[in-house]
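# Structural features, examined
Each chain is listed here by its residues.
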Amino acid sequence: MKLGFVSAILDGWSFEEMIDTARDLGFSCVEAACWPSGKAERRYAGVSHIDVDGLTDEKSAYILGYCKERGVELSSLAFYPNTMDEDLEKRAANIAHLKKVILASEKLGVGMVTTFVGRATHKTVEENLELFREIWPPIVAFAEEHHVKVAIENCPMWFDATNWPGGQNLFTTPDIWRRCFEILPSPSFGINYDPSHFIWQQMDYIRPLYEFKDRIFHVHYKDIKLYPEKLARVGVMAYPLQYMEPKLPGLGDVNWAKYVSALTDIGYSGYTCIEVEDRAFEGSRERILDSLRLSKPDGFLSHYFSLRDLRREGLSTASGAAEGGPLLKRRILWDASSRSTPTATTAIPLSRPSTASPPPGSATSSSPPPRAGRSMCSPTRASSGCGR
């Protein structure tokens, strides 16, 4: 498996700075955000590191050359809108841009787009399935025509009053996945699997990996912490953010040893991307970079993650260390064999300097964030929020 991150967390970085950041931190791929220019309507929406509207042959060659020179691959082009929005004008615009992202994925030789199916928020599941039957077969047929796979993330997009009552993404549970795949059995239509969304829905996030192994095209690493005391107070009918919170991998309730082990069981060898949505790491440019450092398998929390997961399995620290444990496995699974893995006594500073020379004009931790739109690949937009 190759490890990368969802580029939406680098809001304000140009394409070049985003790729250089991936290289400097030792990541081998990125899921590149490709939102249209303009004001974002929510957090984690609106970031664009590749402007698909103006993607000429010259720009495509430049993007591919820049990535190749720095040893960073594009795992997917990402655009997560509501393609089943009840506002027909917004729905049409979202579908139109999604098709542009599909075309860009073909042009760049990526062959993958990560997105949502969307949802008519005020309609039932059954009504939304009929809407899915109407809207999505033509989209996937378009993707097939251009040799691109579409991977749907299983995020309900249900957090607070702005998503009430049903959220903005239908594709949330294994039961609904089965019904969607019955409607649309295309081999080009699959899953961008994120275990964190199962946590707050109190569902098994391991078993579906085995059932849907042939449909898993892309994988996210994100964690969520469920607060039982809050849940006991507000109940499951409350807004989800009243009893849960997105976290960096290892700071929530996902058992990463079990999760990665299951991925190897099913033979998954594709891209795995860290998705940062932890508010504790969004206060500054350096905190954002820290979130990516800490989420890596050779970040200083990696030993803590491994020991915690071992304790969950009832194994001793000594036996885990003696056998190499998850630490050694992570080096192999995540293409990290060329980088040292910290031992229990290794101390790694959060904000260590990069070993690579910074790109000309790049900002340091004391510099203001770069202006959006500096790159020939990234459009200017009016949003100040992060976006995926």
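For the structure itself, consult the block above.
Residues numbered from 1 in each chain as written. Predicted model: local features only at pLDDT ≥ 70, side-chain atom pairs only at ≥ 80, totals over all residues. Heavy atoms only, no water.

## Things to note about the sheet that holds strand S4 (residues 112-115)
Put simply, the rule reads: By this definition, two strands are paired if DSSP reports at least two bridges between them. What counts as a helix is a DSSP run of H or I of at least four residues, what counts as a strand is a run of E of at least two, and both are numbered from the N terminus. In this description, a line fitted to the C-alpha atoms serves as the axis of each element, helices being fitted only across the stretch in contact, and the angle between N-to-C directions of two axes falls anywhere from 0 to 180 degrees.
Here eight strands make up a closed barrel; going around it, the order is S1-S2-S3-S4-S5-S6-S7-S10 and the pairing parallel. Going across the sheet, the axis of each strand differs from the next one's by a mean of 30°, ignoring polarity. Note that strand S6 (residues 189-193) and strand S7 (residues 216-221) share three bridges and pair parallel. Within S7, the residue paired with Asn 192 across the bridge is His 218.

## Here we look at unusual backbone geometry
Glycine aside, residues mostly have negative phi angles, and peptide bonds mostly take the trans form. A positive phi angle, close to 55°, is found at Met 157, a residue other than glycine. Looking at the element boundaries, Met 157 is found in the loop between strand S5 (149-153) and helix H5 (174-183). Here the phi dihedral of Gln 202 falls at roughly 60°; this positive angle occurs in a residue that is not glycine. In this fold, Gln 202 is placed in the loop between helix H6 (196-200) and helix H7 (207-211).

## Focus on the packing of helix H3 (residues 88-107) against helix H4 (residues 125-145)
How we decide: Roughly parallel means an angle under 35 degrees; roughly antiparallel means over 145; roughly perpendicular covers 65 to 115; every other angle is labelled oblique. Should the near helix be turned anticlockwise from the far one by less than a right angle, the crossing is left-handed, and should it be turned clockwise, the crossing is right-handed. Whether two residues are in contact is decided by their heavy atoms: any pair within 4.5 Å suffices. As a working rule, the residues Ala, Val, Leu, Ile, Met, Phe, Trp, Tyr, Cys and Pro are called nonpolar, Asp, Glu, Lys and Arg charged, and the rest polar, with Gly in that last group.
Contact geometry of H3 with H4 gives a least axis separation of 10 Å together with a crossing angle of 25°. In terms of orientation, H3 lies roughly parallel with respect to H4. Of the two elements, H3 crosses H4, and the hand of that crossing is right-handed. Across the interface between the two elements, Arg 91, Ile 95, Leu 98, Lys 99, Ile 102 and Leu 103 of H3 pack against Leu 131, Ile 135, Trp 136, Ile 139, Phe 142 and Ala 143 of H4. Of the residues belonging to the contact of H3 with H4, the class tally is ten nonpolar, no polar and two charged.

## Looking at the environment of Phe 212
Formally: Under the scheme applied here, a residue whose accessible area is under 20% of the maximum for its type counts as buried, over 50% as exposed, and between as partly exposed, the area being computed with a 1.4 Å probe on protein chains only.
Relative to the helices and strands, Phe 212 is located in the loop between H7 and S7. The exposure class assigned to Phe 212 is buried, which follows from its relative accessible area of 5%. Each C-alpha atom, one on Phe 212 and one on Tyr 193, is 9.9 Å from the other, the two residues being 19 residues apart in sequence. Look past the residues within four positions of Phe 212 in its chain and what remains in contact with it is Pro 174, Trp 177, Arg 178, Phe 181 and Ile 191.

## Overview of the packing of aromatic side chains
Filter applied, for reference: Any two of the Phe, Tyr and Trp rings considered here, Trp counted by its six-membered ring, make a pair once their centres fall within 6.5 Å; the pair's planes then place it as stacked at under 30 degrees, edge-to-face at over 60, or tilted in between. By the criterion adopted, a ring carries a charge over it if an Arg CZ or a Lys NZ lies within 6 Å of its centre and within 35 degrees of its normal.
Scanning all chains against the criterion turns up 21 aromatic pairs. Clustering of aromatic rings is evident, with ring pairs tying together Phe 132, Trp 136, Phe 171, Trp 177, Phe 181, Phe 189, Tyr 193, Phe 198, Phe 212, Tyr 221, Trp 256 and Tyr 259. When the ring centre of Phe 142 is taken as origin, the NZ or CZ atom of Lys 99, which lies over that ring, is 5.4 Å away. Across the ring face of Tyr 227, the terminal group of Lys 230 is positioned such that the distance to the ring centre comes to 4.4 Å.

## Some remarks on H5
When we look at burial in H5, the residues that qualify are Pro 174, Ile 176, Trp 177, Cys 180, Phe 181 and Ile 183. On the buried face of H5, the contacting elements are H4, S6, H6 and H7.

## Some thoughts on the environment of Asn 255
To keep it simple, the criterion reads: A 3.5 Å cut-off defines polar contacts: any pair of N or O atoms within that distance qualifies, except that in protein one atom must be a possible hydrogen donor and the other a possible acceptor, and neighbouring residues in sequence count only when both atoms are side-chain atoms.
Locating Asn 255 in the fold gives a position in the loop between strand S9 (244-247) and helix H9 (256-265). Taking C-alpha positions, Asn 255 is 9.6 Å from Tyr 205, a pair spaced 50 residues apart along the chain. Polar contacts involving the side chain of Asn 255 include one to the main-chain amide nitrogen of Lys 258, which spans 3.0 Å.

## With respect to the packing of H4 against H5
Two elements in contact, H4 and H5, have axes whose closest approach is 10 Å; the angle formed by their N-to-C orientations is 30°. Taken together, the axes of H4 and H5 are roughly parallel relative to one another. Pair H4 / H5 crosses with right-handed handedness. Together, Val 125, Glu 126, Leu 129, Phe 132 and Arg 133 of H4 and Ile 176, Arg 179, Cys 180 and Ile 183 of H5 make up the contact between the two elements. Of the residues that constitute the contact of H4 with H5, the class distribution is six nonpolar, no polar and three charged.

## Some words on the nonpolar core
Heads up, the condition is: Residues belong to one nonpolar core when they are buried, are Ala, Val, Leu, Ile, Met, Phe, Trp, Tyr or Cys, and are joined through side-chain atoms within 4.5 Å.
Core analysis: the biggest nonpolar cluster contains 109 residues, and Ile 50, Phe 132, Trp 136, Phe 189, Tyr 193, Tyr 221 and Tyr 259 have the highest contact counts within it. With nine residues, the single largest contributor to this core is H4. Not counting chain neighbours up to four residues away, the residues in contact with Tyr 193 comprise Asn 154, Trp 177, Phe 198, Tyr 205, Ile 206, Pro 208, Leu 209, Ile 216, His 218, Val 219, His 220 and Tyr 259.

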